[in-house]
Protein chains: 2
Amino acid sequence: MGRTANCLIAAARPRNLGPGGHGGTPEAERHGISNPKDPQTSPARERYALLCDTLRDRICLLDYPPGTRLSEEALASEFGISRTPLRRVLGWLESQGLLVSVQGVGTIVTDVELEELAQVYQLRMELADLIGKLSPLPPDAETVALMRSLRQRGQKLAAEPDTRSFARLNIEFFHALMRCSGNAPLREISERLYYQTTRIWLKSISHLDLAEEVAIFADEINDVCTAVELGDIMAAASIRRAHISMSFWRLGQNGGGPAE
Amino acid sequence: MGRTANCLIAAARPRNLGPGGHGGTPEAERHGISNPKDPQTSPARERYALLCDTLRDRICLLDYPPGTRLSEEALASEFGISRTPLRRVLGWLESQGLLVSVQGVGTIVTDVELEELAQVYQLRMELADLIGKLSPLPPDAETVALMRSLRQRGQKLAAEPDTRSFARLNIEFFHALMRCSGNAPLREISERLYYQTTRIWLKSISHLDLAEEVAIFADEINDVCTAVELGDIMAAASIRRAHISMSFWRLGQNGGGPAE
DNA sequence: TTTCCGAAAGCTGTACACAACTCGAAATGG
DNA sequence: CCATTTCGAGTTGTGTACAGCTTTCGGAAA
């Protein structure tokens, strides 16, 4: 009864390949020797999950800014598939609150107001606490190494701020933190809410001081990494919660105005 | 900025028609005078949401017991539609963790173990607390009236226990409680986790004492209703949390054995 | 010049046929 | 008689054409 047992509940989400998205097990797919016990590992599911992650990243990195009208046909031809399987992906993105499709108009990248976001931020703060309370996992060597690598990247970024690298590091840091919780439903929900908020924050970054934001984030990584090194997940969760709160506060102060 | 403002985030879920599912506004749909500002109110979306609720109820009331193989073609013909829009519904149910589709085999109603469910129950307990803490809504007259009606139905049910009526009342009571929270994302997540667990509980009811379970549930409704009448949502949430905890405990004691 | 109407273009939603895949049963060779 | 292979029924996944809806642009009338 190992890790594979709870795959049914996790089946809701596409296989997490991480933001880096290095290709996993290419040989296994080519030879068709995928593990028949794992329903997630089928050629169709692999393409589906990859597309979900790809498009989600494009939306959350503002490659598709809020309000963008996506063309199903264009995307389908870009990925070399038909509209039918693509629509399944778009449906999932819509269920994540990142898209909305209306007949006769198009598929539009959503844009949410800071007011509505307040509820999501409140919830994210509470869930951050729960990461420390509910089934915290003692970090393994790989997690610690990942955290240290992120800390180093954060320090490099502080020396040379860059919006896009900032966003990517933010996403990877989130996923690293998720490795510290053994509660799969909590991870899934946290991820959903995270992706709902991160692009709004990225959109408002122009109204904030990028260098200051990067410095604060580098500190956050450093603090969380220290806590993880000590195996104190509750402390890491508390730090995370505090930074979510402060991030929302800064958004309301500086980024919430009548933009543009 | 009333209720309609946060429809974008809520767009993830089909329009909640309640378990009773009385038809809503049939005239508006027939005449095509649906509010153009609300993206959820389109003829296609209406059918979609209705189908989602219908099939979810069938799964969660064990009309389709865990392990059942559903036929896309049969369902499509039953509802007088093609497989294409039906598959969208099935995809949503799969994202909710209630179905799993595998090529060449079929669409199968999931069955989860009590072990995996422990994480969901833990999370549900914490979220129940949050219902009282995050944006609790002072109950309006309609909510109080609904609660009182449910309390009465609970007392009637205690006098004449019936599994299916029990399940329906349980679902409706959950939705009534959700009216007390103004946090839309929290409501959505709570609903998702609730539906993931309720059918497992219903499946194990045969191993428990139905009369006793009904009596306990009637008490829960009564206590929560009293708290709601006083406007003390935090108290209602605490009561709810306690009952979720006790329900899980009873499941582990009596219903968790090597069934059948 | 302004306003209103209508046709056309473009989009998502739907239906249907076919491909890809799984599983089981029947046939075949040992 | 048993093991192995092959074929077929049945299922989900995919491609494609068309229907329904919305927006826009052009032209005619006031």
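Just so it is clear, the structure is predicted and the values come from calculations on it, not from any experiment.

Engineer: I keep staring at the protein's contact with DNA strand D and nothing clicks. Help me out?
Structural biologist: Around DNA strand D sit 21 residues in total, of which Ser-82 and Thr-84 of chain A together with Arg-83, Arg-87 and Thr-107 of chain B are the nearest. In DNA strand D, the atoms that sit within 4 Å of the protein are 61% sugar and phosphate, with bases accounting for the remainder. Arg-87 of chain B has a polar side-chain atom sitting 2.6 Å from a phosphate oxygen of DNA strand D. Those elements that place two or more of their residues in the surface near DNA strand D are α3 (43-60) and α5 (83-95) of chain A together with α5 (83-95) and β3 (106-109) of chain B. Of the residues contributing to the surface near DNA strand D, the split by class is seven nonpolar, eight polar and six charged.

Engineer: Sorry if this is basic, but what is going on with the protein's contact with DNA strand C here?
Structural biologist: As a structural note, the neighbourhood of DNA strand C is formed by 21 residues, with Arg-83, Arg-87 and Thr-107 of chain A together with Ser-82 and Thr-84 of chain B the closest of them. One of the backbone N or O atoms of Leu-70 of chain A is found 3.1 Å from a phosphate oxygen in DNA strand C. Between DNA strand C and Gly-104 of chain A, the relevant distance is 3.3 Å, taken from a base nitrogen to a main-chain nitrogen or oxygen of the residue. Of all the elements in the fold, those that place two or more residues in the surface near DNA strand C are α5 and β3 (106-109) of chain A together with α3 (43-60) and α5 of chain B. Along the lines of polarity and charge, the residues of the surface near DNA strand C split into seven nonpolar, eight polar and six charged.

Engineer: Looking at this model, I keep getting lost on helix α10 (residues 210-229) of chain A. Mind explaining?
Structural biologist: Residue pairs spaced three or four apart in an α-helix point in one direction, given the helix's 3.6 residues per turn. Residue and element names in this part refer to chain A. With 20 residues, α10 should cover 28 Å at 1.5 Å per step; its first-to-last C-alpha distance of 28 Å lies within 8% of that length. When we look at burial in α10, the residues that qualify are Glu-213, Val-214, Phe-217, Ala-218, Glu-220, Ile-221, Val-224, Cys-225, Ala-227 and Val-228. Where α10 begins, the capping side chain belongs to Asp-209, and its oxygen is found 3.2 Å from the backbone nitrogen of Ala-211. Gly-231 occupies a position one or two residues after α10 and carries a positive phi of about 80°.

Engineer: When you look at the packing of aromatic side chains in this model, what are you seeing that I'm missing?
Structural biologist: For any pair of aromatic rings, the description rests on two quantities: the centre-to-centre distance and the angle between the ring planes. By the definition in use, this model includes twelve aromatic pairs over all chains. Centroid distance Phe-174 of chain A to Tyr-194 of chain A: 4.2 Å. Interplanar angle 5°. Geometry classified as stacked. A residue pair is termed long-range when its members are at least 10 positions apart, and Phe-174 of chain A in helix α8 (residues 163-178) and Tyr-194 of chain A in helix α9 (residues 184-203) qualify at 20 residues. On the accessibility criterion, Phe-174 of chain A (3% relative accessible area) is buried. Overall, Tyr-194 of chain A belongs to the buried group, its relative accessible area being 2%. Here the aromatic rings of Phe-173 of chain B and Phe-217 of chain B are separated by 5.7 Å at their centres, their planes lie at 80°, and the arrangement is edge-to-face. Taken as a pair, Phe-173 of chain B in helix α8 (residues 163-178) and Phe-217 of chain B in helix α10 (residues 210-229) lie far apart in primary sequence, 44 residues in all. Grouping residues by exposure puts Phe-173 of chain B and Phe-217 of chain B together as buried.

Parameters at a glance
Residues numbered from 1 in each chain as written. Chains lettered and ligands numbered in written order. Predicted model: local features only at pLDDT ≥ 70, side-chain atom pairs only at ≥ 80, totals over all residues. Heavy atoms only, no water. Near = heavy atom within 4 Å. Polar contact = N/O pair within 3.5 Å; in protein donor to acceptor, adjacent residues only side chain to side chain. Helix = DSSP H or I, 4+ residues; strand = E, 2+ residues; numbered from the N terminus. Nonpolar A, V, L, I, M, F, W, Y, C, P; charged D, E, K, R; others polar. Expected span 1.5 Å × (residues − 1). Buried < 20%, exposed > 50% of the residue type's maximum accessible area, 1.4 Å probe, protein only. Phe/Tyr/Trp six-rings, centres within 6.5 Å; stacked < 30°, edge-to-face > 60°.

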